[in-house]
Amino acid sequence: MATTTFLSNATINITQGATSYDLSDQGNQCTLTIGQDSLEITAFGDTGHKFAGGLQSVDVSITFFLSYGTGEVEAALAAMVGQGSTTLVISPSGTSETASNPEYTITNAMLANFTPINSTVGEIATVTANWVGGTWARDITP
């Protein structure tokens, strides 16, 4: 089997309320971790632990270049803090869903906090935002 090299170019679209943001050109790192809670279902007589999937778990971490003003990163993130109703649509490379470019939609995620000012002389300011909770769906339908 041949090894495939993937060069990422993630798309990051975020909606809070009636406002949508395409922050793809402002991010330079994106990590999406999905799963399900492990619920123990071990019964009498079992010789090892057994588990079933419970509620979905979601953790999204995105590093953005800080920018200020209407529709920019700082204003967008400030509007999302604590809302618990944010929708994120993330693909590894572009907006056309395929088996090699799955799109993940995370609904009802919450941004608990972020650092709106992160300045160091001589460096480009960035901020890492972490969303938790909600539900996820994977789509590969073109």
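Residues numbered from 1 in each chain as written. Predicted model: local features only at pLDDT ≥ 70, side-chain atom pairs only at ≥ 80, totals over all residues. Heavy atoms only, no water.

Caption draft 1: Region of interest: the overall build of the protein. A count of helices and strands for the protein gives 1 helix and 8 strands. For 142 residues, the compact-globule formula gives about 14 Å, and the C-alpha radius of gyration of the protein, at 18 Å, lies well above that figure. Once the C-alpha set of the protein is aligned to its principal axes, its extents read approximately 65 × 40 × 35 Å. When burial is assessed residue by residue, the protein has 27% of its 142 residues classed as buried. Of the roughly 8,600 Å² of accessible surface on the protein, a fraction of 53% belongs to carbon and sulfur atoms. (Helix = DSSP H or I, 4+ residues; strand = E, 2+ residues; numbered from the N terminus. Rg over C-alpha atoms; globule rule 2.2 N^0.38 Å. Buried < 20%, exposed > 50% of the residue type's maximum accessible area, 1.4 Å probe, protein only. Areas by Shrake-Rupley, 256 points an atom, 1.4 Å probe, with all protein chains shown as cover.)

Caption draft 2: Seen up close, the pairing of strand β1 (residues 11-16). One ladder, built from 5 bridges, connects β1 with strand β5 (residues 86-91); its direction is antiparallel. By the bridge assignment for β5, Thr11 is matched with Ser91. The turn joining β1 and strand β2 (residues 19-22), which pair antiparallel and follow one another in sequence, is formed by 2 residues; a positive phi near 65 degrees is taken by Gly17. (Pairing = 2+ DSSP bridges.)

Caption draft 3: Structural detail: the environment of Ala109. Along the chain, Ala109 falls in strand β6 (residues 103-111). Ala109 sits 25 residues away from Gly134 along the chain, and the two C-alpha atoms are 4.5 Å apart. In this structure, Ala109 is in contact with Gly84, Ser85, Thr86, Leu88, Trp131, Val132, Gly133 and Gly134, ignoring residues within four places of it in sequence. (Contact = heavy atoms within 4.5 Å.)

Caption draft 4: Seen up close, the pairing of β2. By the bridge criterion, 4 bridges tie β1 to β2 in an arrangement that is antiparallel. By the bridge assignment for β2, Asn13 is matched with Asp22.

Caption draft 5: Representation of the packing of aromatic side chains within the structure. Counted under the stated rule, the structure contains 1 aromatic pair. A ring pair is formed by Tyr104 and Trp136, whose centres lie 6.5 Å apart and whose planes are at 50 degrees; its orientation type is tilted. Of this pair, Tyr104 sits in strand β6 while Trp136 sits in strand β8 (residues 135-139); the two residues are 32 residues apart in sequence, bridging distant segments of the chain. (Phe/Tyr/Trp six-rings, centres within 6.5 Å; stacked < 30°, edge-to-face > 60°.)

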